[in-house]
Amino acid sequence: MAVFESTYGDITPSTLTITERVFAGLEGRMGAVCLIDGVTGASLTGAALVDQVKRLAGGLTARGLGAGVTVAIMAPNMPDYCVAFHGVTWAGGTVTPVNPSYTSYEVKHQLQDAGATVLITAPACLEVARAAAAESNVETIILMGGGGEGGGDVFPLSAMMGDPLENQALVDLDAHAAALPYSSGTTGLPKGVILTHRNMSTNVDQILEVFQIKPGEPTVVFLPFFHIYGLNALLNPYLAAGGLIITMPRFDLELFLRLTQDHAAPRMFVAPPVAIALAQHPLVDEFDMSKLNSIFSAAAPLGEDAAAACAKRLNVQVLQGYGMTELSPASHLMSLKTMQSGAVGFSLPGTRSRIVDPETGADKGVDEEGELWVQGAQVMLGYLNNPEATAATLDNDGWLKTGDLACFDADGYLYIRDRLKELIKYKGFQVAPAELEDVLLSHPSIADAAVIGVPDDEAGELPAAFVVIAAGQSITPDVVMAHAAERLANYKHIRRVTFMDAIPKSASGKILRRELRDGLAAG
C-alpha cells in the first residue's frame, strides 16, 4: 500500500467536544468581542457567548429537548446561530443544519430523514419552516435573530433560556453525532453525514495548525454556517483561536468589502465566484484593502488564471484547500509558508492519503493520477440510516473514497485534477443530478430525464436537463424549469433544457452522462 503521510506530521485526536474546544479558545478572551452581526452591529463577548450557550442548553434540558434530541437549525449567518448550535451540542443533542434557501419540500425531507423534533429558525425563514414542520415530526419551533414572538406555535429563543447547564452533557466523542449536515457524497440524493465531536474538534485543531489564527484576528464570514465550510472551517476554528467573526446573512460584495476594510481583516475566505468578482469588479477599487494579506478559496476548484488575477489586483496571496462534508471538512490546506501554484496544499496533520486506480484498485505513486482516498480522525462516522452508501464510501480500514481524481508531487503537494463523481458544482454548492432527475420525473409529461453540469464562467457549472417527453404529452422548456424551481432551492434550478428521443444508458441502466456532455460540445 502506497500511503502519502502528512508533511506536518501527526496530531493527537481531540479529547474535547466541539463546544468544549470553542470554550477553551475563549477562556483568555472572555471580555473581548468574539461575534459581530455585520448588518446590525450587535455583538457578543466571549463571556456573553458562553453564558447564552449554557443557558440555552439548560433550558433545552429542562424541557426534555437536550440529550439525544436532533435539532434542525435553518437560518442565515448571525451571532445567534452560534448560540443555537453550541447550546444544542452542550446539552448533548445533535444539530442538523438546513439551508435557509430551501423550499418546504426540501426542508421536509431533511427533517424527516434526520429525525428532527425541534426546528430553530429566523424570521425570514419562518413561513417555510412552519410548512415543512407541519409534515414532519417537529413539535417545537424556536425563533432566533431578535424576531420576538412568532405566534402561538413558535417560541422566541429568549423564552428557551433556563438555568445554566454548567458542564457539557456526557457524550461519546467517537459515536455521538455532534452535527448531521446533508451532503450528496459521491453520488445520489442528499444523505445525513454523521460527524462526531472528535471528528469536528480534531479538524479544528488540524486547521489551526495550518491557519495559525491569532487571538483577536477578525474575518468577515458570508460563507453559510449551514455549510460545513462556514461552520467548521471558519466559525469554530476562529472562536477556538480566540478570533473575531463578523457575520453576513448572505453575500453582498459592497458590504463584504466595507466590513473587511472597517475591521482591517487580514484574510478573506471565499468560493471561486467571489474570487473572480474580486479580480474583476470595479467596486473593489473603492475600498482600502491594504491590511489584507491573503484570500483563501475552497468549495470548488479555482483556476490558476483567476487566482493570479485576484492576487495581482489585491496584492495578496491566493490559497486553496481541499475538503468535503464527510471530512469535517478539511483534509488538505495551503498555508502562506507553503505556496505552490495550482496545488491545494499538503495533507493536514494526522491525515494519510492514497491515490488509487479507480479501475483496478491498485495504489499509484508520485505524479500518478487516481482517486484520492483519505484516512484520519476527521473522517465521518458514516451516512445516517444508509449502510449501503457508507460501505461504498468507507472501507473497513477507515479510508474515505473521495470520488475526486488527484495526484501528489514529490514534495507532497496535492493537485485535484477532475471529479470522478457526478455532482454539479454551482457557485461552490453541490447539486446532485439524481435529486433533480427525481423531481423532473414527478411531472406527468416527462417520461425520462437526465441532468449534467455545463461549464459557466461565473457559476462554475449550471444544471442542464435532457428530457424525454411522455407519449401523447407536450411540454416546453419553461414549464420544465418552472416545475423544478417550485420544488428546489435556487442553486439547484435547471438553467437549460434539451429534448431528446431517449436518454443514453449503459446495459445496466446507468445514464451515460459523458455522451450527453459530448453531444452538447458537438452541438
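Residues numbered from 1 in each chain as written. Predicted model: local features only at pLDDT ≥ 70, side-chain atom pairs only at ≥ 80, totals over all residues. Heavy atoms only, no water.

Enquirer: For this particular structure, what's the right way to read unusual backbone geometry?
Expert: Trans is the common state for peptide bonds, and a negative phi is the common state for residues other than glycine. The omega torsion across Ser328 and Pro329 is 15°, close enough to zero to call that bond cis. Although it is not a glycine, Gln212 sits at a positive phi angle of roughly 50°. Relative to the helices and strands, Gln212 resides in the loop between helix 6 (197-211) and strand 11 (218-221). Overall, the relative accessible area of 48% leaves Gln212 in the partly exposed class. With phi around 65°, Asp367 is a residue other than glycine that occupies positive phi space. Along the chain, Asp367 turns up in the loop between strand 18 (352-356) and strand 19 (370-375). (Helix = DSSP H or I, 4+ residues; strand = E, 2+ residues; numbered from the N terminus. Buried < 20%, exposed > 50% of the residue type's maximum accessible area, 1.4 Å probe, protein only.)

Enquirer: Honestly, the sheet that holds strand 13 (residues 267-270) in this entry has me stumped. Any pointers?
Expert: Sheet strands line up and pair through hydrogen bonds in the backbone, either parallel or antiparallel. Reading across from one edge, 13-14-15-16-17 is the order of the 5 strands in this open sheet, with mixed pairing throughout. For this open sheet the edge positions go to strand 13 and strand 17 (346-347), each flanked by a neighbour on one side alone. Examined bridge by bridge, strand 15 (residues 317-323) and strand 16 (residues 330-333) share 3 bridges and lie antiparallel to one another. Looking at the pairing, Tyr322 lines up with His332 of strand 16. Running over the sheet, helix 6 touches strand 13, strand 14 (294-297) and strand 16 and is turned about 10° from strand 16. (Pairing = 2+ DSSP bridges. Contact = heavy atoms within 4.5 Å. Axes fitted to C-alpha atoms, helices over the stretch in contact; angles between N-to-C directions.)

Enquirer: What is the right way to look at the layout of surface pockets in this model?
Expert: Any empty space left between atoms is shown by rolling a water-sized probe over those atoms. Computed from the structure, the largest pocket encloses a volume of approximately 1,400 Å³. For the largest pocket, the lining is made up of 46 residues, of which Asp418, Arg419, Lys421, Glu461 and Arg517 are closest to its centre. The leading source of residues in the lining of the largest pocket is helix 14 (residues 513-522), at 7 residues. Each residue belonging to the lining of the largest pocket can be placed in one class, and the counts come to 20 nonpolar, 7 polar and 19 charged. If you add up the space inside the second largest pocket, you get close to 910 Å³. As for the second largest pocket, its lining consists of 33 residues, of which Phe222, Pro224, Arg250, Phe251 and Phe429 are closest to the centre. Broken down by element, the lining of the second largest pocket gets its largest block of residues, 4 residues, from helix 9 (residues 272-280). Looking at the lining of the second largest pocket, its residues break down into 24 nonpolar, 6 polar and 3 charged. (1 Å grid on protein atoms, 1.4 Å probe; cavity = no way out; pocket = protein on both sides within 12 Å on 5 of 7 lines; lining within 4 Å. Points joined across faces, edges and corners; volume = space filled by probe spheres on them. Nonpolar A, V, L, I, M, F, W, Y, C, P; charged D, E, K, R; others polar.)

Enquirer: I'm lost on empty space enclosed by the protein in this one. Help?
Expert: If you walk through the whole model with that rule in mind, you get 1 cavity of 30 Å³ or more. Its volume calculated, the largest cavity comes out at about 290 Å³. Lining the largest cavity are 21 residues; nearest its centre among them are Tyr102, Tyr182, Ser183, His227 and Tyr491. Residue assignment for the lining of the largest cavity shows that the elements contributing at least two residues are strand 9 (182-183) and strand 24 (429-431). Sort the elements by how many residues they give to the lining of the largest cavity and strand 24 lands first, with 3 residues.

Enquirer: What should I look at first to understand the environment of Pro156 in this one?
Expert: Structurally, the position occupied by Pro156 is in strand 7 (residues 154-156). Spatially, the C-alpha atoms of Pro156 and Gly376 are 40 Å apart, while their sequence positions differ by 220 residues.

Enquirer: Teacher, can you tell me more about the sheet that holds strand 1 (residues 33-37) here?
Expert: Pairing in this open sheet of 4 strands is mixed, and the strands run 2-1-12-11 from one edge to the other. Among the strands making up the open sheet, the edge pair consists of strand 2 (43-45) and strand 11. Put simply, the sheet's adjacent strands are angled 15° from each other on average, direction ignored. Bridge count for strand 1 against strand 2 is 3 bridges, and the pairing is antiparallel. When the sheet's bridge partners are listed, Leu35 is paired in strand 2 with Leu44. Running over the sheet, helix 7 (residues 228-240) touches strand 1, strand 11 and strand 12 (244-247) and is turned about 145° from strand 12.

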